[in-house]
Amino acid sequence: MSIFEYNGSAVVAMVGKNCFAIASDRRLGVNLQTIATDFQRIFKIHDKLYIGLSGLATDVQTLYQRLVFRHKLYQLREERDMKPQTFASLVSAVLYEKRFGPYLCMPVIAGLGEDDVPFICTMDCIGAKELAKDFVVSGTASESLYGACESMYKPNMVTYYFEALGLTHGKTMEQGANCIGVQKENQYKLLEEPEELFETISQALLSSVDRDCLSGWGGHVLLVTPTEVQERTLKSRMD
Amino acid sequence: MGDSQYSFSLTTFSPTGKLVQIEHALTAVGSGQTSLGIKAANGVVIATEKKLPSILVDETSVQKIQLMTTNIGVVYSGMGPDSRVLVRKSRKQAQQYFRLYKEPIPVTQLVRETAAVMQEFTQSGGVRPFGVSLLVAGYDDNGPQLYQVDPSGSYFSWKASAMGKNVSNAKTFLEKRYTDDMELDDAVHTAILTLKEGFQGQISGKNIEIGIVGADRKFRVLTPAEIDDYLAEVE
């Protein structure tokens, strides 16, 4: 078995309308034995920038610590947060420094850049950046994830139905319905509308990890919009 | 005087708490040709006298104002060769920053790294401080900026400043003439008038040098013809 498959992992990030979602599985294994079901693979760099790391778990943790270190120094020197594109360039440089003895990690970077335009990218373990407009995947379940995302993804998905109507993010269902003058009877129709982006990324993740014996044991999804961040845990087949 | 016994060693403090070598470096700067910088609302201008030792020198080959990056330029007062070393190091640092972050270096960061180099040479063995003060002018995401860096490694942000010979007259003149809402063109005129104050001889496009950077973020040195145009406007 390859060293990348030693611990097992699945990470995916998707772009929505003025928002993004990043999700990962929660299994930590040693070959076929599962030893933890709450392993964190997605880390916050700053409020609008997250990095998901798949691959060898020890390198996931060390690389995250190194990147946070670099970012904190940058914040102190430049008195500002790093833009996602800048951070991606930094990660690429850090990985290439170890070209002949690499970190066995494939990062997935997702953030809101200038004017809150979503940015996602992934790279291989030696820093070859791959920018995407729709979704990026990495981990042992990546082939399934590619298939699932390709078929389920559509552009401009929203985190709340009301975003599609251009209303302020964060209103309750009732407030939103009142804003658009919907009668009480019809409110149920609005409640049926799912949060598209969350549903899509969750379904893509769960169906892919179900096909991969090395990842699974639940999922962890983060939805990030310009105003807030939502963290949700998914329950899936626990095996 | 107690100080003179300590004046030969850079790395030893004198009893009065000074590093006398740095004081001497500042004297070297103070006897260099006048240079000045003015920060306008929409750009920065830096200028310097370009007095050549003889009329036989090819003035087109001499350039005192140099680029550190496409949007940051620098002028010096003091020893020319020392400034070239600093410009070379700063250019390399700016490119290293870009290689790491794929983003142009902010002016404050470049100034800080240049100042760190100058400070290194005040605390090492076998070296002497740089005999130049630099005026760094740039335009980045935080708007137009003007910094002065001294041989000790300290740096200051200025709205308008002068260095070299005749510095006190120039600064007094600038204090009177400076306004916060000056446009770049007005700043160029003011710079020319300030240089004219202490200039010996006839001022022309061939014996002064002016560099500007505006909102387009492209630092450039004006040609002698352009300087002559500004001079004509000033008169």
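Residues numbered from 1 in each chain as written. Chains lettered and ligands numbered in written order. Predicted model: local features only at pLDDT ≥ 70, side-chain atom pairs only at ≥ 80, totals over all residues. Heavy atoms only, no water.

Going by what an unreviewed UniProt entry lists, chain B is known as Proteasome subunit alpha type and is assigned to Musa troglodytarum. Annotation of chain B in UniProt includes, under Function (unreviewed entry), the sentence "The proteasome is a multicatalytic proteinase complex which is characterized by its ability to cleave peptides with Arg, Phe, Tyr, Leu, and Glu adjacent to the leaving group at neutral or slightly basic pH. The proteasome has an ATP-dependent proteolytic activity." (UniProt positions renumbered as here; feature names shortened; annotations may be inferred.)

Per an unreviewed UniProt entry, chain A goes by Proteasome subunit beta and derives from Musa troglodytarum.

Colleague: Account for the pattern of salt bridges, with residues named and values stated.
Modeller: Should their charged atoms come close, side chains of opposite charge can pair. For the coordinates displayed, the defined rule picks out 16 salt bridges over all chains. Between A:R80 and B:E103 there is a salt bridge whose closest N-O contact spans 2.9 Å. Of this pair, A:R80 sits in the loop between α1 (57-78) and α2 (84-97) while B:E103 sits in the loop between α2 (80-101) and α3 (107-120), which puts the two residues in different chains. Owing to a relative accessible area of 26%, A:R80 belongs among the partly exposed residues under this scheme. Of the residues examined, B:E103 reaches a relative accessible area of 8% and is grouped as buried. Each of A:E78, A:R80, A:K83, A:E114 and B:E103 takes part in salt bridges that share partners, so that together they form one network. (Salt bridge = Lys/Arg side-chain N within 4 Å of Asp/Glu carboxyl O. Helix = DSSP H or I, 4+ residues; strand = E, 2+ residues; numbered from the N terminus. Buried < 20%, exposed > 50% of the residue type's maximum accessible area, 1.4 Å probe, protein only.)

Colleague: Residue-level account of the interface of chain B and chain A, with values.
Modeller: Contacts between chain B and chain A engage 9 residues on the former and 11 residues on the latter. Here chain B and chain A share an interface that buries about 900 Å² over both sides, 43% of which is from carbon and sulfur atoms. When the buried surface of chain B facing chain A is broken down by residue, B:L100, B:Y101 and B:E103 rank first, second and third, together holding 62% of it. Along the contact surface separating chain B from chain A lie 2 salt bridges. Where the side of chain B that touches chain A is concerned, the elements lending two or more residues are α2 and α3 of chain B. A per-element tally of the side of chain B that touches chain A places α2(B) first, with 3 residues. The residue inventory of the side of chain B that touches chain A, partitioned by class, reads 4 nonpolar, 1 polar and 4 charged. (Contact = heavy atoms within 4.5 Å. Buried area = accessible area lost by both parts, 1.4 Å probe. Nonpolar A, V, L, I, M, F, W, Y, C, P; charged D, E, K, R; others polar.)

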